[in-house]
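Examining the three-dimensional arrangement
In case you want the letters, here they are:
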Amino acid sequence: MFVSRVLSSSPPSASHPLPVRTLLSTGILLMTAAPWSATNAADAAASTTSTDVTATQKAAQPVEARFAAEAPATAENYVITETAQIEVEAQAATSASSALPTSAEDAAAAGEIETIYVSSRVALAAKQDVPASISVISGDDLRALGADSLRDITRRAANISRNNSSNARSQGLVVRGIGRRGSTEAQDPTVGITVDGIPYLYPGLSAWDWVDIDNVEVARGPQGTTGGGYASFGNLTLNTKRPTFDPTTEWSLRLGQRDTLFGTAAIGGPIVEDKLAWRGTFYVNKLLGYYKNEYWNGNQTYTDRLKISGKTQFLFKPTNNYSVHVSVDLQPKTFQNDNGLNFFHQTPATYSDGKPVNMNNDPKTRLERRWFGQLESYNYEDNYLNYNSGTQNNDNQLPLITGTRGAGLTQNYTFGDDSLLTSITGWRDLDFEARNDEGTPFDISTQGGGGVRFQQFTQELRLNTRLADVAELTTGAFYAHHTYEVDSKTGWGDDAGAWFANATQYRELDVDGEGRYLLQQSLTGLRRISTAYIDNDSTAVFGNVKFDITEQLKLTTGLRVSWEDRKNKTFQLIDDNGYGGLLNRSISSFGVPLGGFDLYRNATNETVWVRDGRVVNETTPGAVAVAGQSYGLTTDTRSGERLVRANAAADAAAQKYFGAANFAALTNAQKQQLLHAQTLRQAQLGQIFNMLQAEVYKKTQYTYVVSPSYKFNDQVTGYFSFQHGEKPGISQVIGGNSILVDGESGNHFELGTKTSLFDNSLLFNADIFLSRLKNYQQTTRLVDDFTTTLNNDGQLAFLDAAANVPRIQIHGLEIDGSYNGIPFTTITLSAAYNIAKYKKFETAPLNPETNPDRNAPGYSDYQDFSGRILPGAAKYTGNLGVDFRYPLWSKYEVFANANANYTSRYNSDISLSRYSWISDYTVFDAGLGFGRRDQGFSVTLLGRNIADAEGKAYNWQNGILDTTPRWYGVIFAGRL
């Protein structure tokens, strides 16, 4: 029988046994003759890696023990004893007609596809019997082309994608155009990630490379009725290799351009025969980035990598019906440069209405100011504009620092002839820190950035059993607790005042020494910190039943009920006043004492009443009268000690910056300079507030599924699925205000067919789908009136916030197929046509080409996106893979692998700016190699993105890149 990576719908039989050696395929399983029983299944569980019970979540325990009594009837005389990639040629002499082809002719004559078993909603079944849209990716296929990041993995399936960044905070998966990360960690992911049965509740946990992978599974639609974590629109499951009782040593070494060094090693085997086994995995990934930072003489490069990781697993089997799997992994804090990668270009000349763009605060205008012209070696045209070169010039940019740790405990207990009890306990944390820069060599942004400290604990208890031979039941409970401490830090340097000043402020301050002193001291050394403490709890019960109505007709039903509790408390305060603390206001609008004074200018000819710098009614207690065309100190006259301190601060500022005896001795021009500096500082600080408790989100939510399937014959199965899913809301504080985001809900319909033709050489699966979501959660931009007023520069200031979109709709077509009718060759194909539209979204954020003139006819702070395509939702996606293996003599082979991933054009920005389209592109990877057929050694010449495709959006001022440039290298690999 010819071994291939293609999937089959037929289980093994005595007349068609699997080969003794499987080269690769996700979850291809070897069978050996043995009576099937729960006891034998538990024995097998001690030495296998395998898939989990659900199409959505793969549990950490072996599949053999999990579904002992649920094996297909046609396999009743077999027990699963090993997964793909295990060499068992030594058993060939005693195995039933299972020798590998020893020549090309022998292999060509055996064109049948192997069986692959994957997780289904309830029980172990062939992939073709799963009534849902599922894609499966082999760990061998990933290794063949060096696909180790989540970005690489998602390029092996259609209608799923991930942004091109290793920044943990920007991680997020998109399925069918849905799932872009919001602006807050408080938002649950729309598309889940599960690793060895443990859900990753924060997408940033997946920012590392993925090695030692057994298989990957992509499930679409609401998940959770068969256990594990909940995901409202899909789930990516990664299953790593497990300990076995066979000694194992596997290694690989990748070398290539930009000093690439990627090494992996996996060692394991028995500690106590048939009782205790282990597996240890280690990797290191080091390479230089594509883009240099000239400020550091090119020694700092962007999109570089420096990652290391270690993982140890133990499998303990004290009895035939009980096993324990323990895993501990560590990805220590490492440094890499991803943040601060800019592609600056000239700002467009006109708004969408044809009027000239307000260039007062454009980078070009700012860099042409006298202040920045003093550095003769740097200018706008020759240095700042880098859209084509990608050369950076950042003085305060530091690498991202990221690390994570985790532990898992899985226990399996079989009882009776048909029941399995499983417990999965998981813990993980993540530590992330970023230091950002504005993209110039000037001292503008300092010590800015953000940090995340995350922890999660999950516990699942699940029972799998059969009900009177007519149904398969999965039921259990799940609990998750996860917390975030999210910092946002902003710092300002010596040049910040000259950079952020509006045209009027700069013009009237950069005229004399006193004004320049104020311009510099207004922001130098100022530090602001904001920290959010997020506390989330989820408790759920679930049940799923698959009814065998007839041999052909099956009905799957499932229900999950969850109790969600989301809390958030946030503060934003001054961490360091720097050199200009006297320029603060006396108190913030939220009542936080700031230690400064409250200067106000009345530009009218009438007297106005002002309190703490804000115009009020004449009758307002504590208000101060300010005559027309004059300046006044306006601290609340009732505030007692604060009033005394504020007047003293005003006098001290007059003495410090102008050498005057007191504030009253200043001229109006000097007072105006003082006011400019104070307003500039206040606009940059934004709202200052003590700890605020956001409105709590607390609700009971439901997920359910009804899915009948009908097997028309051995080659064709059809199914229909209706799923309802709900996603928790978001508790958040934005600009000092609690803004509660409602929970999301949706109904999902899917009609599909799964076929195996031409003696199983062709598998072809297709489905059409329709989803309608209410209160879809996504990032939007709110006009910040507070900062807009203070800036007074003709531009609008915005705050990013998570919000609800009233209604969206997604529909399309997906296909997934494979063919191995050509000798030595396997072809895989997946493709999707997808339309994800806003059905109703009348308060969408303004795009940058919208004229910000609020006095213009028909102006609105929002746009109507109803009927438009969602950002990040490509209309067409597709993936084509080819694997060719030609046997040489009895021990060797030559092979070639190729993968092409196509993405049609899509808009990359939440404002759907006309400048944010990324044109369609195809990423093509290929490898050519030679090696031993027992996988003892191989060498592969590898090319990544060989056509050097560039997915790049121009954007308004700063482009973004969605691909990485061409790379060539070589992979050495083997096993002992």
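So, here is what we can say about the structure in this document. Per chain, the residues get numbers from 1 upward, laid out in the order the sequence is written. The predicted nature of this model means local features are confined to residues of pLDDT at least 70 and side-chain atom pairs, given and counted, to a pLDDT of 80 or more, with totals for whole chains, interfaces and linings taken over all residues. In computing side-chain properties, one takes all heavy atoms of the structure into account and sets aside hydrogens as well as water.

1. Comments concerning helix 12 (residues 641-658)
Taking 1.5 Å of rise per residue, 18 residues should cover 26 Å, and helix 12 covers 26 Å from first to last C-alpha, within 8% of that figure. Partly exposed describes any residue whose relative accessible area lies between the buried limit of under 20% and the exposed limit of over 50%, with all areas from a 1.4 Å probe on protein chains only and scaled to the type maximum. Helix and strand labels come from DSSP, where a helix needs a run of H or I of at least four residues and a strand needs a run of E of at least two; each type is numbered from the N terminus. All buried positions along helix 12 are accounted for by R642, A646, A649, A650, A653, A654, Y657 and F658. Along helix 12, the residues classed as buried sweep out an arc of 140° about the axis, all on the same side. In helix 12, those exposed residues whose orientation departs by more than 90 degrees from the buried face are E641 and V644. Close packing links the buried residues of helix 12 with helix 11 (513-521), strand 29 (630-633) and helix 13 (668-685). One or two residues past the end of helix 12 sits G659, with phi positive at roughly 70°. Expected helix span is computed as 1.5 Å times (number of residues minus one). To obtain the arc, one takes the directions from the helix axis to the C-beta atoms. Contact criterion: two residues are considered in contact whenever any of their non-hydrogen atoms come within 4.5 Å of each other.

2. Regarding the nonpolar core
Among buried residues, the Ala, Val, Leu, Ile, Met, Phe, Trp, Tyr and Cys ones that are joined through side-chain atoms within 4.5 Å form a nonpolar core. Core analysis: the biggest nonpolar cluster contains 61 residues, and L238, L430 and I808 have the highest contact counts within it. Apart from the residues within four sequence positions on either side, L238 is in contact with L150, I153, I193, T194, V195, D196, W210, I213, N215 and V216. Among the nonpolar cores identified, the runner-up in size contains 42 residues, and Y380, F597, A650 and A677 belong to it.

3. Overview of the packing of helix 11 against helix 12
Axes are the key here: two packed helices are described by the angle between their axes and the distance separating the axes. Angular values range over 0 to 180 degrees, each being the angle between N-to-C directions of two axes fitted as lines to C-alpha atoms, with helices fitted over their stretch in contact. Packing of helix 11 against helix 12 leaves a shortest axis separation of 9 Å and a crossing angle of 120°. Here helix 11 is positioned oblique relative to helix 12, judged by the angle of their axes. For the pair formed by helix 11 and helix 12, the contact residues are E514, Y517, L518 and Q521 on the first element and K656, Y657 and F658 on the second. In this count, Pro and Cys sit with the nonpolar residues alongside Ala, Val, Leu, Ile, Met, Phe, Trp and Tyr, while Asp, Glu, Lys and Arg are called charged and the others, Gly among them, polar. Residue classes in the contact of helix 11 with helix 12 are distributed as 4 nonpolar, 1 polar and 2 charged. Here the angle decides the label: under 35 degrees means roughly parallel, over 145 means roughly antiparallel, 65 to 115 means roughly perpendicular, and every other value means oblique.

4. Some thoughts on the environment of Y862
Within the element layout of this structure, Y862 appears in the loop between strand 38 (825-840) and strand 39 (876-888). Sequence-wise, Y862 and L782 are 80 residues apart; in three dimensions their C-alpha atoms are separated by 8.6 Å. In this structure Y862 touches R781, L782, E842, T843, A844 and L846, once residues within four positions along its chain are discounted.

5. Here's the deal with a nonpolar patch on the surface
Residues F720, F749, L751, I768, L813, Y833 and Y876 make up a contiguous nonpolar surface patch of roughly 600 Å² in combined accessible area. Its place among the elements puts F720 in strand 32 (residues 716-727). A patch is a set of surface residues, each over 30% in relative accessible area and not in a salt bridge, joined within 9 Å for like charges and within 5 Å for the nonpolar side chains Val, Leu, Ile, Met, Phe, Trp and Tyr. Each accessible area value is a Shrake-Rupley result obtained with a 1.4 Å probe; residue values ignore everything except the protein chains displayed when judging cover. Whenever a carboxyl oxygen of Asp or Glu lies within 4 Å of a side-chain nitrogen of Lys or Arg, that contact is scored as a salt bridge.

6. Considering the packing of helix 11 against helix 13
Two elements in contact, helix 11 and helix 13, have axes separated by 9 Å at closest approach and are oriented at 15°. Judged by the angle between their axes, helix 11 and helix 13 are roughly parallel. Crossing hand, helix 11 versus helix 13: right-handed. Residues E514, G515, L518, L519 and Q521 of helix 11 lie in contact with helix 13, whose contacting residues are Q673, L674, A677, L680 and R681. By residue class, the composition of the contact of helix 11 with helix 13 is 5 nonpolar, 3 polar and 2 charged. Each crossing is labelled by how the near helix is turned from the far one, with a counterclockwise turn of less than a right angle marking it left-handed and a clockwise turn marking it right-handed.

7. Looking at the sheet that holds strand 8 (residues 191-195)
By definition, two strands form a pair when at least two bridges between them are found by DSSP. Strand order in the open sheet formed by 5 strands is 5-10-11-8-9, with mixed pairing between adjacent strands. Strands at the two margins of the open sheet, each flanked by one partner only, are strand 5 (134-138) and strand 9 (198-199). Strand direction decides the pairing type here: strand 8 and strand 9, joined by 2 bridges, are antiparallel. Counterpart to T194 in the pairing with strand 9 is P199.

8. Description of helix 11
Where helix 11 is concerned, the buried positions are G515, L518, L519 and Q521. Tucked into the core, helix 11 has its buried residues touching helix 7 (370-373), helix 9 (496-500), helix 10 (503-509), helix 12 and helix 13.

9. Quick look at the pairing of strand 13 (residues 260-272)
Where a strand is regular, its side chains alternate between the two sheet faces. Two strands pair when backbone bridges link them, and strand 12 (residues 248-256) and strand 13 are joined in this way by 9 bridges, in the antiparallel orientation. What sits directly across from W251, in strand 13, is A265. Where strand 12 folds back onto strand 13 in an antiparallel hairpin, the turn is made up of 3 residues, including R258, whose phi is positive at roughly 60°. Pairing analysis gives 11 bridges linking strand 13 to strand 14 (residues 276-287), with the strands arranged antiparallel. Paired with I267 across the two strands is G280, which belongs to strand 14. What sits between strand 13 and strand 14 in their antiparallel hairpin is a turn of 3 residues, with D274 showing a positive phi close to 65°.

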